[in-house]
Amino acid sequence: MSEMRTLGEFIVEKQTDFPHASGELSSLLASIRLAAKIVNREINKAGLVDITGAVGTENIQGEDQQKLDVYANEKFKAALEARDQVCGVASEEEDEAIIFNKELNKNAKYVVLMDPLDGSTNIDVNVSVGTIFSIYHRVSPIGTTPTAEDFLQPGHKQVAAGYVIYGSSTMLVYTTGNGVNGFTYDPSLGTFCLSHENMMIPEDGRIYSINEGNYIRFPTGVKKYIKYCQENVPEDNRPYTSRYIGSLVADFHRNLLKGGIYLYPSTLSHPQGKLRLLYECNPMAFLMEQAGGIATDGINRILDLDPQELHQRVPFFVGSKNMVTKLQEFLEAHKDN
Ligand code: P6P
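Looking at an unreviewed UniProt entry, one finds the chain named Fructose-1,6-bisphosphatase class 1, with Vibrio ruber as its source organism. Checking UniProt for the chain, the heading Subunit (unreviewed entry) contains the comment "Homotetramer." As its UniProt record puts it under Catalytic activity (unreviewed entry), the chain is described as follows: "beta-D-fructose 1,6-bisphosphate + H2O = beta-D-fructose 6-phosphate + phosphate".

## Focus: the packing of aromatic side chains
All chains considered together, the criterion is met by 11 aromatic pairs. Centroid distance Tyr225 to Tyr228: 6.1 Å. Interplanar angle 25 degrees. Geometry classified as stacked. In this pair, Tyr225 and Tyr228 both sit in helix α6 (residues 220-231), 3 residues apart, roughly one turn of the helix. On the basis of relative accessible area, Tyr225 is assigned to the buried category, the value being 1%. A residue is classified by how much of its surface remains accessible, and Tyr228, at 21% relative accessible area, is partly exposed. An aromatic cluster of three or more residues is present, and its members are Tyr225, Tyr228, Tyr240 and Phe330.

## Overview of the sheet that holds strand β8 (residues 170-175)
On the basis of which strands lie adjacent, the open sheet formed by 8 strands has the order β4-β3-β5-β6-β7-β8-β9-β10 and mixed pairing. Either end of the sheet is taken by a strand with one partner, and the two such strands are β4 (98-99) and β10 (191-196). Inspection of the sheet shows strand β7 (residues 160-166) paired to β8 by 6 bridges, in the antiparallel sense. Within β8, the position partnered with Gly162 by the bridge is Tyr174.

## Notes on the pairing of strand β13 (residues 261-264)
The two faces of β13 match: Ile261 and Leu263 on one face and Tyr262 and Tyr264 on the other face are all buried. As paired strands, strand β11 (residues 207-209) and β13 are joined by 2 bridges and run parallel to one another. By the bridge assignment for β13, Tyr208 is matched with Ile261. By the bridge criterion, 4 bridges tie β13 to strand β15 (residues 316-319) in an arrangement that is antiparallel.

What counts and how
- The numbers attached to residues start from 1 for each chain and follow its sequence in the written order.
- At least 70 in pLDDT is required for a residue's local features to be given in this predicted model, at least 80 for side-chain atom pairs to be given and counted, and no such filter applies to totals for whole chains, interfaces and linings, which use all residues.
- Hydrogens and water molecules were not included; the side-chain quantities draw on all heavy atoms of the structure.
- UniProt positions are given in the numbering used here, feature names are shortened, and annotations may be inferred rather than shown by experiment.
- In this scheme Phe, Tyr and Trp rings, the latter by its six-membered ring, pair at centre separations within 6.5 Å, and the angle between planes marks the pair as stacked below 30 degrees, edge-to-face above 60, and tilted otherwise.
- Elements are defined by DSSP. Helices are runs of H or I of four residues or more, strands are runs of E of two residues or more, and each kind is numbered from the N terminus.
- Relative accessibility under 20% of the residue-type maximum defines a buried residue, over 50% an exposed one, and the middle range a partly exposed one, all with a 1.4 Å probe and only protein chains included.
- Two strands qualify as a pair provided that DSSP identifies no fewer than 2 bridges between them.

Set out below in structure tokens:
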């Protein structure tokens, strides 16, 4: 059995991929690793202590904030602020971007965008949830106060992206643009160990993930694709199967391993789609393209979209190349309705 490689060793080993980063990105990823361990510990206790259930406040999305949402947001912000690589953070749980004003953060060169606890309504029913993060070089001059432009960059400018999935085991999966690697947390050692090296999504798959409760309002092309999956038995006689967990990170992770497509089109309640471009779709799109898949809003490559607003939503279709391509054929054929 090959020797165990920890996330820390792997980050340092891959540092040579960034000659000009001189270790800042490595240290930034280490702070995310630390926060993931802290949040993982609390999630595994949820239910045993009074940390589940809403805190009675709402986030900008108008969604009830679960106590763990707030906890995860605070822990990731604190971990990122504590080191001198990050000058500001945008979060699903914060109306505006948080600018770090400590002297040591002013000269930082990165900004981080995150969904600290995606799928949090699933916590109380013991379903996997996740953290999603996206890292950019700031565009404003080092030493000055970060500006909105630092946080509104197109996804193809990302330096790194990843997620933590708090499930039957906890994993951290990330890319810096040189492939996707997955690390499984060993609580007995308190370390993330390399368990899924160079993750590639199968070109084809049989799993489609969509909330069919919204069917009536789906664009016709999406309806046609769902019917195609339900009525066609591919040559290998493996029929399609519908799998939808209601946690993007969990559905994405399963489809990444097994092949599949995740769809969140425009719906009655979310005419622009529900998922947020900056801290859900862009990081997941970066990971998916690095793993050989496709991520689109139905018309454009997600990573080419020019963000206009911190919390903007877009339709999101992501997964195996052949499955997304087939969907796009239906969307193109029915683009006028
Ligand atoms: P629906 C969780 O709130 C989330 O943002 C994603 O993690 C998940 O895939 C989706 O929304 C679920 O939305 O409308 O199907 O409940």
